[in-house]
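So the chains spell out like this:
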Amino acid sequence: MGEKLNGAEIVIRFLKDEGVEYLFGYPGGAVLHIYDELYKQEEVKHILVRHEQAATHMADGYARATGKPGVVLVTSGPGATNAVTGIATAYMDSIPMVVITGQVPTDLIGNDAFQEVDNVGITRPCVKHNFLVKRVEDLATTLKKAFHIATTGRPGPVLVDIPKDVCRQSIKYEYPKQVSMRSYNPTTQGHVGQIKRAVKLILSAKRPMIYTGGGVVIGNASDALRQFVTTLGYPITSTLMGLGAYPAPEKQWLGMLGMHGTYEANMGMHGCDVLIAIGARFDDRVTGNIEKFCPSAKIIHIDIDPSSISKNVKVDIPIVGDVGAVLLEMNRLLTENSKTPDQVALAEWWQQIETWRSENCLRYDRESEIIKPQMVVETLYQVTQGEAFVTSDVGQHQMWAAQYYHFNQPRRWINSGGLGTMGFGLPAAMGVQFAYPEHTVCCITGEGSIQMNIQELSTCLQYKLPVKIINLNNRYLGMVRQWQEFFYENRYAMSYMDALPDFVKLAESYGHVGMCIEKPADVEGALKEAMSLKDRLVFMDFITDRTENVYPMIPAGAGLNEMILV
Amino acid sequence: MRRIISVLLENESGALSRVVALFSARGYNIESLTVAPTEDPSLSRLTLVTSGSEQIIEQITKQLNKLIEVVKLVDLTDGSHIEREMMLVKVRTSSEKREHILQIVDIFRGRVIDVNQSIFTIELTGTSDKLDSFLENLSEAKIIEVVRSGVMGIARGEKSLSI
């Protein structure tokens, strides 16, 4: 048997044994024993943030870019409550994360002790699972269960709450290599009969459409997807979360679908006769009005989470399983099958799609004398040759990043799709930069969002993170303003960002490089210069057209074929 | 559509609150809920009665299955099953009506389990419908208190919910 360790030692030893490289956190009373153990070793690198929300977003960004679970350590009470937004963000996008929270000693639990909050209770609705460890005997196995649950099936955040006294109790420690839980055995292999039925339907399609989501990225199924799409020759669109799984420069790619999706993708969805949904969950931002969604389509839905199937839209052929495994099986059947897609019907369908594509729905004024935000993103795409990791915050800039940066690899596009968390972009970019120190990591943000976690510029200096911040500064909470323009008769209630800081000086005061770019002619030069500063964080403040809107747009309650174009 | 869902749950603190929180967070109904450990003390058996469209019931069972501490569940109303609910009723009665009430208790196969000069406490077991009907028939007595256990159920024949 292993050696005798106390709870705090077990936590750190376990993280080491589990292969955890980075721990994003912030110390406090209830976790002091654990921090004391961190101090005595070097394998697990602790990153000191400036706010616990940022710790969770960093771990999240790290997880999205690498596929490995992000790990967070925060103290009880406010440490844990500050982390909640980041936990909920990870939960909505199915990101593997383990959050270790300190708790007051067991004999004080329930006494309204100093910095006590019911961590398990407060996070219950936004975690995949959570644990309160009351005995040191359970600590190592609970941590193992947490990693197991967070990373398998449909991934998600798992919280482990450790009372302070448990950190002091000792027991013999042995790394639990495996864990089995009778109540948790996610399905991975799809039902063979269902897959066969699906392939038959896929091959009978006259107007097919492939619709993919974040599940393809999370499930590392991009290669299988690419083969599937190439074999069939069918058009493909993706949700915001799925961008990059299929390369945007390819001809079969129709762009993103949904509220701010392209004309060709949304019209294709509306007109298709067979819809193949892969690792996507028919979110309301994708479907528009459910009553008008894909009116003539038979729907196949592949998802690892049974509860995602037929939740919003009733489907004809459900397949529960790992998207990668199911796609491999489908590819095998397609190769073996003598039947091939109906080429005549497909050619006609493509002709129709090309008519929609010729609408050129992402056009914008390229001659403008004021910087157009779309142009900044497009130029960034060219300057970085499409190779950068791009994180974003939430709002107009997020949509422009999704529309104009043509991702050709999975895990390069990192944003809060489900929860829509402003303040996500910068810390997420930092998490990515830790994972990939040599790569270019850009955070496309706005002057509203960036201020929600601006304090992390200090963390960036401490750890020398050369993140490139592209601030699309239109002096408005742009998406709010856009809705107010369209649906509230231009009553811009509280959407104007007054009293903005001088971002250049702000960046400089944090020890970074600041730039302010006001003319379209300077955009490319500034981006090139920023990218050449390999080891510096550069804050680029682009003063953009404040009246610009995100198009196309599907208003709430409308169908996918009822878009507002430019 | 009324449904009886029976769940085997890890007998751990907090497991029940996940079930209850799921229903409130997603806006599902709980008409009744009953829970107790089984012959295996590591497992609790929970029976809940809910209602909703077919799609909602499907989501309820899927969402319940997704809870890590749910080991297994079955929708008893899918097949032939037995349901029972227990009720304790305290009624005040006058001497001239005592006989009448005892007759009703007898018809419904209930039992008087406590009695004094003006009070009967009655125990009754059966389907929820039967208990409702019993209460309606007690109209001549003044009902002081009603305690119902909530529904529990079991499948008929060979079928069972066990691990």
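Residues numbered from 1 in each chain as written. Chains lettered and ligands numbered in written order. Predicted model: local features only at pLDDT ≥ 70, side-chain atom pairs only at ≥ 80, totals over all residues. Heavy atoms only, no water.

### Digging into the side chain of A:Asn415
Here's step 1: Tracing the sequence through the fold places A:Asn415 in the loop between strand E16 (413-414) and helix H16 (425-435).
Here's step 2: Exposure remark for A:Asn415: the relative accessible area of 1% places this residue in the buried category. (Helix = DSSP H or I, 4+ residues; strand = E, 2+ residues; numbered from the N terminus. Buried < 20%, exposed > 50% of the residue type's maximum accessible area, 1.4 Å probe, protein only.)

### Things to note about the pattern of salt bridges
For side chains bearing opposite charge, pairing can occur when the charged atoms are close.
All names here are of chain A.
Here's step 1: Applying the stated rule across the entire model yields 35 salt bridges over all chains.
Here's step 2: The partner of Arg332 in a salt bridge is Glu329, with the nearest N and O atoms 3.0 Å apart. Of the two residues, Arg332 and Glu329 are both situated in helix H12 (residues 323-336); the distance of three residues between them amounts to about one turn of the helix.
Here's step 3: For the salt bridge of Arg357 with Glu354, the shortest nitrogen-to-oxygen distance reads 3.0 Å. Here Arg357 and its partner Glu354 are both found in helix H13 (residues 343-357), three residues apart, which amounts to about one turn of the helix.
Here's step 4: We classify Glu354 as partly exposed; its relative accessible area is 28%.
Here's step 5: Bridged by salt links that share partners, the residues Asp36, Glu37 and Lys40 form one connected network. (Salt bridge = Lys/Arg side-chain N within 4 Å of Asp/Glu carboxyl O.)

### With respect to the packing of aromatic side chains
Residue and element names in this part refer to chain A.
Here's step 1: Summed over the entire model, instances satisfying the criterion amount to 24 aromatic pairs over all chains.
Here's step 2: Plain terms: the ring middles of Phe282 and Phe293 are 5.8 Å apart, the flat faces sit at 85 degrees to each other, and that makes the pair edge-to-face. Taken together, the residues span a long stretch of sequence, with Phe282 in the loop between strand E12 (274-278) and helix H11 (284-287) and Phe293 in the loop between H11 and strand E13 (298-303) at a distance of eleven residues. Both residues of the pair, Phe282 and Phe293, belong to the buried class.
Here's step 3: Both rings, one in Trp483 and one in Phe487, keep their centres 5.2 Å apart while their planes meet at 65 degrees; by these two values the pair is edge-to-face. Of this pair, Trp483 and Phe487 both sit in helix H18 (residues 478-487), four residues apart, which is roughly one turn of that helix.
Here's step 4: What makes Trp483 partly exposed here is its relative accessible area of 23%.
Here's step 5: Put simply, the rings of Tyr22, Phe24, Tyr62, Phe434 and Tyr463 touch in pairs and so form one group of aromatic residues.
Here's step 6: Just above the ring of Tyr22 sits the side chain of Lys45; from NZ or CZ to the centre is 5.3 Å. (Phe/Tyr/Trp six-rings, centres within 6.5 Å; stacked < 30°, edge-to-face > 60°. Lys NZ or Arg CZ within 6 Å of the ring centre and 35° of its normal.)

### Some details on the domain arrangement of chain B
Residue and element names in this part refer to chain B.
Here's step 1: Split by domain assignment, chain B resolves into domain 1 (2-79) and domain 2 (82-152).
Here's step 2: A C-alpha centroid distance of 29 Å is found between domain 1 and domain 2.
Here's step 3: The interface of domain 1 with domain 2 comprises seven residues on the first partner and six residues on the second.
Here's step 4: Between domain 1 and domain 2, roughly 450 Å² of surface is buried when both sides are summed, and carbon and sulfur atoms account for 55% of that area.
Here's step 5: Of all residues in domain 1, Arg2, Ile4 and Thr34 give up the largest surface area on contact with domain 2, accounting jointly for 58% of the area buried on that side.
Here's step 6: Inspection of the domain 1/domain 2 interface yields one salt bridge.
Here's step 7: Between Arg2 and Glu83 there is a salt bridge, with its nearest N and O atoms 3.0 Å apart.
Here's step 8: Taken together, domain 1 and domain 2 are joined by three residue pairs in polar contact (both at pLDDT 80 or more).
Here's step 9: When residues of the side of domain 1 that touches domain 2 are traced back to their parent elements, those giving at least two are strand E1 (2-10), strand E2 (32-37) and strand E3 (43-51). (Domains from an automatic or database assignment. Contact = heavy atoms within 4.5 Å. Buried area = accessible area lost by both parts, 1.4 Å probe. Polar contact = N/O pair within 3.5 Å; in protein donor to acceptor, adjacent residues only side chain to side chain.)

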